[in-house]
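Chain by chain, the residues:
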Amino acid sequence: MKKGISILLAAAMLAMTACGGSSATATTAAPAATTAAAAETKAAEAAPAAVKTVQEGKLVMCTNAEFPPYEYHDNNTIVGIDADICAAIAEKMGLELEIEDIAFDSIIPEISSGKADIGAAGMTVTEDRKQNVDFSETYAKASQVIIVTENSEVKGFDDLKGKKVGVQTGTTGDIYVTGDLGDECVERYAKGMEAVQALSQTKIDAVVIDGEPAKKYISEVPGLKILDESYTDEEYAIAIRKGNTELLDAVNKAIGELKADGTLDAIVAKYINAD
Ligand code: GLN
């Protein structure tokens, strides 16, 4: 049965290719279809072209809302730079943004299995991740920094050899510290703040985490400082299911416009106070 349908479909597609390629030219076959196509063109002029999403009318973003100023809870709402940027992208696409809060290392599986449309979580573009998802244009620069106690003897990354370093599970901090120092030096936490608390209780010697969240965390936990020497240079982008070029193009178009008209800078300035 299934096989029959797919053969029929293949035949129909062949026929369409034979009469000149795109589905737009194929609609000339029947008057009813032509009218529908005309109506569709009219609608497309009035509203942004409808991109197929997981839930009709919505853009479902998954994130891990433990990463201020990019995403965090403010009472019962998830706010932050990523939440605002994605709301602006959704608006440009004529969609309503819906945010799902999940573990950081579940974001890529959620996107690649088609349960959410976009992953926005201060997520660094890496070659490994590109095997599983596509990335939008980048929208921020970032770096991993080292947090230590104020009187720590650790002055730079080289002093961390043989020490216990706290990281957030599945992040670039986790991946690079594990690679450079070995698994035995790494203590993994579900939330960055938990790693920072363990450091303040001297259960570990340092935390390696993204620079902006690091600043927020240490402003809430006394006795800690960020070393001047940063550990990596990274860039954040939005993750999209591999091969979903329709959505990728729409998101990139929106990001380009938000960069050009100053909205992106204004969102960043709202959450990050210039020192
Ligand atoms: N930028 C880091 C990464 O992509 C951390 C992101 C996060 O913890 N939300 O791995």
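Everything numeric here is computed off the predicted structure, so don't read it as measured data.

How each quantity is defined
- Residues numbered from 1 in each chain as written.
- Predicted model: local features only at pLDDT ≥ 70, side-chain atom pairs only at ≥ 80, totals over all residues.
- Heavy atoms only, no water.
- Helix = DSSP H or I, 4+ residues; strand = E, 2+ residues; numbered from the N terminus.
- Buried < 20%, exposed > 50% of the residue type's maximum accessible area, 1.4 Å probe, protein only.
- Contact = heavy atoms within 4.5 Å.
- 1 Å grid on protein atoms, 1.4 Å probe; cavity = no way out; pocket = protein on both sides within 12 Å on 5 of 7 lines; lining within 4 Å.
- Points joined across faces, edges and corners; volume = space filled by probe spheres on them.
- Nonpolar A, V, L, I, M, F, W, Y, C, P; charged D, E, K, R; others polar.
- Salt bridge = Lys/Arg side-chain N within 4 Å of Asp/Glu carboxyl O.
- Pairing = 2+ DSSP bridges.
- Axes fitted to C-alpha atoms, helices over the stretch in contact; angles between N-to-C directions.
- pLDDT = per-residue confidence, 0-100.
- Near = heavy atom within 4 Å.
- Polar contact = N/O pair within 3.5 Å; in protein donor to acceptor, adjacent residues only side chain to side chain.
- Areas by Shrake-Rupley, 256 points an atom, 1.4 Å probe, with all protein chains shown as cover.
- Sits in = over half its atoms within 2 Å of the grid points.
- Parallel < 35°, antiparallel > 145°, perpendicular 65-115°, else oblique.
- Left-handed = near helix turned anticlockwise from the far one by under 90°.
- Expected span 1.5 Å × (residues − 1).

**Comments concerning the overall build of the chain**
Here is step 1 of the chain: Within the chain one finds 11 helices and 15 strands.
Here is step 2 of the chain: For the chain, buried positions account for 43% of its 275 residues.
Here is step 3 of the chain: Relative to all contacts within the chain whose residues are 6 or more apart in sequence, the contacts with residues 24 or more apart total 71%.

**A closer look at empty space enclosed by the protein**
Here is step 1 of the chain: Within this structure, the stated rule accounts for one cavity of 30 Å³ or more.
Here is step 2 of the chain: What the largest cavity holds in volume is close to 80 Å³.
Here is step 3 of the chain: Forming the walls of the largest cavity are N64, F67, E71, F104, A121, G122, T124, R129, Q168, T171, T172 and D210.
Here is step 4 of the chain: In the lining of the largest cavity, the residues fall into three nonpolar, six polar and three charged.

**What about the pattern of salt bridges?**
Here is step 1 of the chain: Tallied over the entire structure, the rule returns 14 salt bridges.
Here is step 2 of the chain: Between R188 and D183 there is a salt bridge; the shortest N-O distance is 2.8 Å.
Here is step 3 of the chain: By relative accessible area, which is 45% here, D183 ends up partly exposed.
Here is step 4 of the chain: Here the residues in one salt-bridge network are K92, K253 and E257, joined through shared partners.

**Remarks on the sheet that holds strand 7 (residues 133–135)**
Here is step 1 of the chain: As summarised here, the arrangement of the five strands in space is 5-1-6-15-7, forming an open sheet in which the pairing is mixed. Each having just a single partner strand, strand 5 (96–101) and strand 7 make up the two edges of the open sheet.
Here is step 2 of the chain: Against the sheet, helix 10 (residues 245–260) makes contact with strand 1 (58–63), strand 6 (118–119), strand 7 and strand 15 (239–241), and its axis sits at roughly 155 degrees relative to strand 15, the strand it touches most.

**Re the confidence of the model for the chain**
Here is step 1 of the chain: This prediction gives the chain a mean pLDDT of 87; 81% of its residues lie at or above 70.
Here is step 2 of the chain: Low pLDDT (under 50) marks residues 1–34, which in the prediction has nine contacts with non-local residues, meaning those over four places away or in another chain.

**As for the site of the ligand**
Here is step 1 of the chain: Inspection of the region around the ligand gives F67, F104, A121, G122, M123, T124, R129, Q168, T171, T172, D210 and Y236 as its neighbouring residues.
Here is step 2 of the chain: Between the ligand and the protein, one listed contact pairs an oxygen atom with a side-chain N or O atom of Q168 at 2.8 Å.
Here is step 3 of the chain: Between an oxygen atom of the ligand and a main-chain N or O atom of T172, the distance comes to 2.7 Å.
Here is step 4 of the chain: Alone, the ligand offers 300 Å² of accessible surface; in the complex the protein occludes 100% of this.
Here is step 5 of the chain: Mapping the ligand onto the cavity grids shows that it belongs to the largest cavity.

**Considering the packing of helix 4 (residues 81–92) against helix 11 (residues 263–271)**
Relative placement of two packed helices is described by the angle separating their axes and the distance separating the axes.
Here is step 1 of the chain: Interhelical geometry of helix 4 versus helix 11 gives an angle of 155 degrees and a closest axis separation of 9 Å. In terms of orientation, helix 4 and helix 11 fall into the roughly antiparallel class. Viewed along their axes, helix 4 and helix 11 form a crossing whose handedness is right-handed. In contact with I81, D84 and I85 of helix 4, helix 11 contributes L264, I267, V268, K270 and Y271.

**Comments concerning helix 10**
Here is step 1 of the chain: Taking 1.5 Å per residue, 16 residues should reach 22 Å; helix 10 reaches 22 Å between its end C-alpha atoms and fits that length.
Here is step 2 of the chain: L247, L248, A250, V251, N252, A254, I255 and L258 are the residues of helix 10 that are buried.
Here is step 3 of the chain: The inward-facing, buried residues of helix 10 contact strand 1, helix 4, strand 6, strand 7, strand 15 and helix 11.
Here is step 4 of the chain: G262 sits one or two residues past helix 10 and shows a positive phi near 85 degrees.

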